Structures are given as structure tokens and as C-alpha cells.
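Chain by chain, the residues:
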Amino acid sequence: MRVVALVVVVVSLLPAVVHAGPPVPKASAATPTAGGAAADAYTCPMHCEGEKTYDEAHRCPVCGMALGLADAPHYRVDVTPEAPILPGVETTLTFTIADPDGKPVRRLEVVHEKLLHLLITSADLAWFAHEHPSRRRDGTFTLRMTFPAAGRYTLFHDFTPPRVGMQVVPVDVTVEGPPLAPTPLVVDADRPKTVDGYTAALTPSAPLVAGKNLSLAVSLSREGTPVTDLEPFLGAMGHLIIVSADRTRFVHSHPVERSGARPTRGPEISFQCHFPAPGTYKAWAQFQRRGQVLTVPFTMEVRGS
């Protein structure tokens with residue numbers, strides 16, 4: 001099996017809450033400040049070397065991403081629906097990104113083929129979407145979105161301003177109507193999952209313990225045959241999104257091949273992870289094969305150190 005270098009970003013978040021209804025509200029939240037680093041220190045936004053810092057804003061020697069400020073400033077995202085959000089009804093959401101001074105952000109870097117990645121989960125983590133809003137000439141973004149049911153949803157905005165590094169800003173919106181009873185989280189990461197005819201198994205390199213760096217390997221097969229022809233999806237052979245049960249912690253990991261190595265196309269893709277705190281987490285592993293995106297959910301329990 002080919003050895004790959006792996007990158008991961010971990011963010012602890014406290015999302016803002018807003019109820020969408022007449023008059024049409026504007027939801028917003030800001031990223032937390034990292035703190036503790038010198039003003040001129042730079043680090044990889046994917047934390048692939050932990051908290052290692054550099055004194056120049058070059059590229060990470062492991063993953064090649066542009067280094068960002070270690071002491072990241074606050075960025076803000078306002079989410080404005082065109083009308084009250086109703087279940088099963090398509091609506092347009094407008095996203096406005098503001099810098100620490102409150103000025104609209106006009107420039108963002110393309111990361112994994114997109115300017116803005118939007119990861120959405122329902123409050124009980126039973127529903128998940130990975131979307132990419134379109135940018136308008138004024139610098140705002142829009143997305144036509146249909147939410148499946150009433151209730152609260154968290155929108156995690158993943159974007160990268162020049163020099164600053166990756167930002168993850170959570171915003172809560174509420175879809176009107178009587179909410180459904182929440183689906184309880186059942187730990188199942190120790191068992192294979194079958195989705196759309198594919199069987200996926202998750203194997204950690206070590207016990208799931210908070211504060212430890214470990215790898216999570218996902219192996220894929222179809223009708224008993226290992227899958228070895230995965231295709232790049234958004235610039236990577238896989239994406240792993242992990243959210244804590246209370247939606248205050250967000251982990252984004254993906255494999256990155258070492259320079260000169262051919263991409264690993266399966267059947268096993270490994271992701272490096274660092275869980276910031278113990279608790280229950282829901283993970284969605286995403287891959288692409290023959291033009292179709294496969295999303296496999298896993299629920300895991302992380303112990304304290």
C-alpha cells in the first residue's frame with residue numbers, strides 16, 4: 001500500500017443562532033481568534049505539522065497550501081434568505097463575508113477548486129450536504145437550497161482570505177414549521193456501512209482519544225471487489241468532514257499525495273485526524289467514482305486522554 005502524507009484542519013466553534021422568518025433575518029457568525037502566536041508567525045491552515053510556525057508566508061512543505069497567520073483575525077459571514085425558509089421549498093441564500101474591520105471581502109483564494117465550501121448539517125446530524133455557492137460580481141455568494149425538514153441547521157463556511165489562511169465560520173439558520181423528532185446518534189464506526197451498493201469500513205490507527213494525532217483509513221468495495229479506480233473529487237481523492245454532536249467542533253481532513261507520487265485510487269484512503277475534545281462525533285467520508293459522489297456516514301465515540 002502506498003504511503004501518503006495527510007493534512008487536517010480542526011476548528012472549535014460556537015455557532016450563532018438565528019430564526020428565519022418574517023421579516024427576513026440576517027444570520028451571522030465570526031471565526032474565533034487562535035491566540036497565543038506571535039503576530040508575524042505563520043502556520044499551515046490544515047495543521048498538518050501540528051502547531052509548527054514559520055516566520056515567512058510561504059507554502060507548507062507537506063501539503064503545499066499557502067501558510068496563514070497563526071493568530072487569525074475574526075472574519076464574519078452574514079446569511080440572508082430571500083424569504084422565510086420552508087421545508088421542501090427551494091430558496092436563495094445570499095452570503096456576505098466581512099473582514100475584521102467589517103468591510104466586505106472581495107478576494108479569496110481558490111482551495112480545492114472552489115472559493116467557498118459550504119458544509120451543512122441538521123441539528124441532530126442526520127442530514128448532511130456539501131455545497132459550493134456561486135460568486136457574484138459584488139463579491140457576495142448565492143446558493144439555491146432546499147432543506148428537507150423543519151428545524152435548525154448549521155452552515156459551516158470554509159474559505160481562505162489571502163495571507164490569513166483558512167477560516168471556518170458556522171452560522172445557524174432555522175427552517176420554519178414543527179420540527180421532527182431528532183434522530184439519536186448511534187455509534188457505528190466499528191461496523192462496515194453499505195451505501196449505494198458500496199461497502200465502506202473505517203479502521204483507526206489507534207484508539208479514538210482526544211488530543212492525539214491518529215489516522216482513519218476508509219476501505220471501499222463493491223459486491224466484494226475492492227474499488228481501485230476512484231477519481232479526484234474537488235482536488236483530492238477523498239474528503240472527511242467530522243462534526244461533534246453539539247456542532248461546536250469541526251474537523252476537515254483529506255489525503256495529499258507526496259510530491260512525485262501517483263494518486264492513491266483505493267481501495268483504502270487514509271485521513272489524519274486530531275479530535276480536540278472527547279465526545280460523540282459524526283463523520284462523512286466522500287469519494288468520487290465514475291462521475292458519482294459517494295458519501296458514507298460514520299458515528300464514533302472519542303474518549304478523553
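Thresholds, definitions, all that
Within each chain, residues carry numbers counting from 1 in the order of the written sequence. Only residues with pLDDT of 70 or above have their local features reported here, since the model is predicted, and side-chain atom pairs are shown and tallied only from 80 upward, although totals for entire chains, interfaces and linings are computed over all residues. To get the side-chain values, all heavy atoms of the structure are used, and hydrogens and water are removed first. Secondary structure elements follow DSSP: runs of H or I of four or more residues count as helices, runs of E of two or more count as strands, with numbering from the N terminus. Here, residues are in contact when the closest pair of their heavy atoms is within 4.5 Å. Here, strands pair whenever DSSP counts at least two bridges between them. Only the contacting stretch of a helix is used when fitting its axis, a line to C-alpha atoms as for every element, and angles between N-to-C directions run 0 to 180 degrees. Only protein atoms enter the calculation, which uses a 1 Å grid: trapped sets of points that fit a 1.4 Å probe without letting it out are cavities, open sets showing protein on both sides within 12 Å along at least five of seven lines are pockets, and any residue with an atom within 4 Å of a point is a lining residue. Grid points are joined across faces, edges and corners, and a volume is the space filled by probe spheres set on the points. Among buried residues, the Ala, Val, Leu, Ile, Met, Phe, Trp, Tyr and Cys ones that are joined through side-chain atoms within 4.5 Å form a nonpolar core. Relative accessibility decides the category of a residue: with a 1.4 Å probe and only protein chains considered, values under 20% of the type maximum give buried, values over 50% give exposed, and everything between is partly exposed.

1. Things to note about the environment of V105
Here is step 1 of the chain: Position of V105 relative to the elements: it lies in the loop between β6 (91-98) and β7 (116-122).
Here is step 2 of the chain: Sequence separation of V105 and D138 is 33 residues, and the distance between their C-alpha atoms is 9.6 Å.
Here is step 3 of the chain: With residues near it in sequence (within four places) discarded, V105 still touches Y75, I97, A98, D99 and G139.

2. Here we look at the sheet that holds strand β8 (residues 128-131)
Here is step 1 of the chain: One open sheet holds the four strands; their spatial order is β8-β7-β11-β12, and the pairing between them is antiparallel. Across the chains shown, the open sheet's two edge strands, defined by having one partner strand only, are β8 and β12 (167-175). Averaged over all neighbouring strand pairs, the angle between strand axes comes to 20 degrees, with direction disregarded.
Here is step 2 of the chain: When β7 meets strand β11 (residues 151-159), the two strands line up antiparallel, connected through seven bridges. Looking at the pairing, T121 lines up with T154 of β11.

3. Concerning the layout of surface pockets
Here is step 1 of the chain: The computed volume of the second largest pocket comes to approximately 270 Å³.
Here is step 2 of the chain: Here the lining of the second largest pocket gets three residues from one element, more than from any other, and that element is β11.

4. Side note on unusual backbone geometry
Here is step 1 of the chain: Omega for the peptide link from G266 to P267 comes to 0 degrees, which places this bond in the cis form.
Here is step 2 of the chain: For R247, which is not glycine, the phi dihedral falls at a positive 65 degrees.
Here is step 3 of the chain: Here R247 is to be found in the loop between β17 (239-244) and β18 (249-256).
Here is step 4 of the chain: For R290, which is not glycine, the phi dihedral falls at a positive 55 degrees.
Here is step 5 of the chain: With respect to the secondary-structure elements, R290 resides in the loop between β20 (279-289) and β21 (292-302).

5. Remarks on the nonpolar core
Nonpolar side chains in soluble globular proteins generally cluster together in the buried interior.
Here is step 1 of the chain: Ranked by size, the top nonpolar core spans 31 residues in total, and within it L216, I242, F275 and M300 carry the most contacts.
Here is step 2 of the chain: Those elements giving two or more residues to this core turn out to be β14 (198-204), β15 (213-222), β17, β19 (268-274), β20 and β21.
Here is step 3 of the chain: Here this core gets five residues from one element, more than from any other, and that element is β21.
Here is step 4 of the chain: Here M300 is in contact with V187, A189, L202, L208, L216, F275, G279, T280, Y281 and A283, once residues within four sequence places are set aside.
Here is step 5 of the chain: Of all hydrophobic cores here, the second largest spans 26 residues; its members include I97, L108, L116 and V171.

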